[in-house]
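A structural walkthrough
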Amino acid sequence: MDIKETLEKAIEEAARAAISDGVFPDGELAKIVLEVPPQKEFGDFATNFAMQSARVFRMNPRKIAEELSARIQGDWLDHTQIAGPGFLNFYLKSNVVYDSFRRILEAGEAYGQLPAKEMDTIQVEYVSANPTGLLHVGHGRGAAAGSALVNLLRAAGYPVESEYYINDAGNQMDNLARSVNARYLELLGRNVEFPEDGYHGEDIIDTAKRIIAKDGNRYLDMSEEERLEIFKDLAYKEKLAVLKEDLEAFQVTFDKWFSERTLHPEAIHEAVQVLRENGTIYEKEGALWLKSTDYGDDKDRVVIRDNGVPTYLAADIAYHRNKLERGFGKIINIWGADHHGYVCRVRAAISALGYDASKLEVLLLQMVSLYRSGELVKMSKRTGQSITLNELMEEVGTDAARYFFLMRSLDSQLDFDLDLAKKKSNDNPVYYIQYAHARICSIFRQAEEAGKVLSENPQLELLQDETETALIKKIEEYAEEIEKAAKEYAPQRIARYAYELAGLFHSFYNKCRIMGVDAGLAEARLALVTVTAHVIRHSLGILGVSAPEKM
RNA sequence: GCGUCCGUAGCUCAGCUGGAUAGAGCAACGGCCUUCUAAGCCGUGGGUCGAGUGUUCGAAUCACUCCGGUCGCACCA
């Protein structure tokens, strides 16, 4: 049992004891919240429980705190103090901190991996960009956020499966085929008009070039129809392969790639049939409409058009039905904020299908703005993109790109400063953290040369400097931080934690030496930096950022 | 018009399930390299927490209204 749980239990028992002593009125207890006080003069932990209870007990909060304090004792407690309007501050025996640090040291590489939680698998679906072009920075943020969330949930012990939904059916595929076709004919000297709503990116030209390089002009004499069919398939496969490759380079992989095509037409028909049977779909003006207004949507939505072709929503209804039938306990979708209007209707569809809509959690990612030399990087008018994820990785590196995408809350707009991301100095948080790790590795190298090895049983009590105790306490918070960040789906908390931990290490490093101090102290410090390096590595691992041994 | 998200130091942002003097980094200024990586450390200055009202013993935090910005409001995907 960790120290916080011990404290919580002690507070609760004290409150119950006071109730049975007749000092507090019987009733439900307020929630016990423990926090690390803003200043260390206020002790190791503090609770506002007495203040929270003031209303319930109809008593002066300081009086409540006194009664509690009189009933709390344990070998872990040095003393308590009542402060301010009724805070109860706890000062722990110093061995408590060292004992719990020793357990972390003994856990070694396992520290940071929380015990497996027994529950249904959580599915995280993200990126899911159309395989019609290259990924841009918006997808990059989604990719970083999704993969980090998956890593985070796994570290917290949740069973997780990641998935990419490939929109490989419908208009956009035809469009891709037409665009490649136009480029193909163009390159072979034919005079063609480029489709108005076609994909204008350079990558389409590259695809056409590769087709020519491989197969020459053998598709030239076919009928347009035949050629489009072939190009659709060729282009799509190539686009998907490039996508996978680029994502892998960005440290992003998926457990499952789900093809939209597999939903056409049976799964969609089945889903529509279910809705028809339970009366949540109706016909109007030749089309089939989902009664989404019954579930809080502004208006009903077309599912099957009057020409019989299903809408995008139809596929999504079938897709979400498929997900739910696979038995996930929770399905998390990471979408761009520009899709927020879509959330309501998908929820409506899930309810209409008879499932629990609260199983769906949609995380909306706000937009990314790129800045170079203080100027907003404008989007290209023609392609509607600014720079691709690939170009970004090339310019600032994968580590910096991932960290920058992850350092802000998902629902804040992100200003991505390209110059800062490239800087190799203390302005750049990525290097600041990585540098801490590299410094520790350097210490290890030299310790090894000097013949120092990690002691089996270091005297941790020798770590008395305030930079040392601050570092120890921060490391002890890590497991809880993972738990919280996972619960909030907030990978940015880990980004911040890693940064703060690195800061505490740098302070320690500047103040305390390892080589050339008394052997016992050196051993204890070596143990401290071993754990520090591990936690930095672990947290960067969640973020998908590397932890170099040398810089 | 309706809805989303955001508004905290000159800049970029933490803090938001209400609590003790509102925190970082950058920028500005002043220090620290003959010993483990100065991509580092230590210090100084800097804030009507967008505005208002309400709830509360207590509000940056909750509720409502307003202001500013953002993205969206298709039988497109």
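Above this text you will find the structure in question.
All figures in this text were calculated on a predicted structure; none of them were measured in a lab.

**Observations regarding the overall build of chain A**
- The secondary structure content of chain A amounts to 19 helices and 15 strands.
- Considering chain A as a whole, with its 551 residues, one finds that 50% of them fall into the buried category.
- For chain A, contacts bridging at least 24 residues in sequence account for 72% of all contacts bridging at least 6.
- If the 66 positive side-chain charges of chain A are averaged to one point and the 87 negative ones to another, these points end up 2 Å apart.

**Focus: the sheet that holds strand E10 (residues 301-304)**
- Overall, antiparallel pairing links the three strands, which are arranged E8-E9-E10 in an open sheet. Looking at the sheet topology across the chains shown, the edges are occupied by strand E8 (281-284) and E10. Neighbouring strand axes in the sheet, compared pairwise and without regard to direction, differ in orientation by 45 degrees on average.
- Across three bridges, strand E9 (residues 287-290) lies against E10 in antiparallel orientation. Each residue of the ladder has a partner; that of Leu290, found in E10, is Arg301.

**A look at the pattern of salt bridges**
- By the definition in use, this model includes 32 salt bridges.
- Glu67 is the partner of Lys63 in a salt bridge, and the nearest nitrogen-oxygen pair spans 3.0 Å. You can see Lys63 and its partner Glu67 sitting in helix H3 (residues 61-70), four residues apart, about one turn around the helix.
- For Glu67, a relative accessible area of 15% corresponds to the buried category.
- Three or more residues joined by partner-sharing salt bridges are found here, namely Asp21, Lys63, Glu67 and Arg71.

**Quick word on the state of the cysteines**
- Enumeration according to the criterion identifies zero disulfides in this entry.
- You can see Cys441 has no disulfide; the closest cysteine sulfur is in Cys512, sitting 19 Å from it.
- Its relative accessible area of 8% is what places Cys441 among the buried residues.

**As for the nonpolar core**
- In terms of nonpolar packing, the biggest core is built from 110 residues, with Val124, Leu153, Leu392, Phe405, Phe416 and Ile475 touching the most fellow members.
- If you tally residues by element for this core, the top one is helix H19 (residues 519-543), at 12 residues.
- Apart from the residues lying within four places of it in its own chain, the contact partners of Val124 are Leu149, Val150, Leu153, Val160, Glu161, Ser162, Glu163, Ile332 and Ile334.
- Core analysis: the next-biggest nonpolar cluster, separate from the first, contains 33 residues, Ile281, Val303, Ile304 and Ala315 among them.

**Topic: the packing of aromatic side chains**
- Tallied over the full model, the rule gives 21 aromatic pairs.
- Across the ring face of Phe194, the terminal group of Arg183 is positioned such that the distance to the ring centre comes to 4.1 Å.
- The ring centre of Trp257 lies 4.7 Å from the NZ or CZ of Lys244, which sits over that ring.

**Some words on the pairing of strand E12 (residues 360-365)**
- Direction of pairing for strand E11 (residues 330-336) relative to E12: parallel, over a ladder of six bridges. The residue bridging Ile331 from the neighbouring strand is Leu360, located in E12.
- The handedness of the E11 to E12 crossover, carried by helix H11 (residues 340-352), is right-handed.

**Structural notes on unusual backbone geometry**
- In this structure, the amide linkage connecting His264 to the following residue, Pro265, adopts the cis form with an omega of -10 degrees.
- Looking at the element boundaries, Pro265 is found in the loop between strand E7 (256-259) and helix H9 (266-277).
- For Val127, which is not glycine, the phi torsion reads 60 degrees and is therefore positive.
- With relative accessibility at 13%, the residue Val127 sits in the buried group.
- Backbone geometry at Gln251 places phi at a positive 65 degrees, although glycine is not the residue there.
- Here Gln251 lies in the loop between helix H8 (224-249) and E7.

**Concerning the sheet that holds strand E15 (residues 414-417)**
- Reading across from one edge, E14-E13-E15 is the order of the three strands in this open sheet, with mixed pairing throughout. Of all the strands in the sheet, the pair left with one neighbour each is strand E14 (375-376) and E15.
- Here strand E13 (residues 368-372) pairs with E15 via four bridges, running parallel. Along E15, the bridge assignment pairs Val368 with Leu414.
- Helix H13 (residues 398-406) contacts E13 and E15 of the sheet and is inclined by roughly 155 degrees relative to E15.

**Things to note about the environment of Pro548**
- Of note, Pro548 is situated in the segment after H19.
- Sequence-wise, Pro548 and Tyr497 are 51 residues apart; in three dimensions their C-alpha atoms are separated by 18 Å.
- Not counting residues within four places of it along the chain, the set of residues in contact with Pro548 comprises Gln434, His437 and Ala438.

**Section: the environment of Thr207**
- Inspection of the secondary structure puts Thr207 in helix H7 (residues 202-215).
- Sequence spacing of Thr207 and Ala235 is 28 residues, and the spatial spacing of their C-alpha atoms is 6.7 Å.
- The residues contacting Thr207, other than those within four sequence positions of it, are Val180, Ala235, Glu238 and Lys239.
- Only 3.2 Å separates the side chain of Thr207 from the side chain of Lys239, close enough to count as a polar contact.

**Overview of the side chain of Thr388**
- With respect to the element layout, Thr388 can be found in the loop between E14 and helix H12 (389-396).
- Leave out the neighbours within four places in its chain, and Thr388 touches Leu134, Leu135 and His136.

Criteria and cut-off values
Residues numbered from 1 in each chain as written. Chains lettered and ligands numbered in written order. Predicted model: local features only at pLDDT ≥ 70, side-chain atom pairs only at ≥ 80, totals over all residues. Heavy atoms only, no water. Helix = DSSP H or I, 4+ residues; strand = E, 2+ residues; numbered from the N terminus. Buried < 20%, exposed > 50% of the residue type's maximum accessible area, 1.4 Å probe, protein only. Contact = heavy atoms within 4.5 Å. Lys, Arg positive; Asp, Glu negative; His and termini not counted. Charge placed at Lys NZ, Arg CZ, Asp CG, Glu CD. Pairing = 2+ DSSP bridges. Axes fitted to C-alpha atoms, helices over the stretch in contact; angles between N-to-C directions. Salt bridge = Lys/Arg side-chain N within 4 Å of Asp/Glu carboxyl O. Disulfide = S-S within 2.5 Å. Core = buried A, V, L, I, M, F, W, Y, C linked by side-chain atoms within 4.5 Å. Phe/Tyr/Trp six-rings, centres within 6.5 Å; stacked < 30°, edge-to-face > 60°. Lys NZ or Arg CZ within 6 Å of the ring centre and 35° of its normal. Right-handed = clockwise from strand over helix to strand, strands pointing away. Polar contact = N/O pair within 3.5 Å; in protein donor to acceptor, adjacent residues only side chain to side chain.

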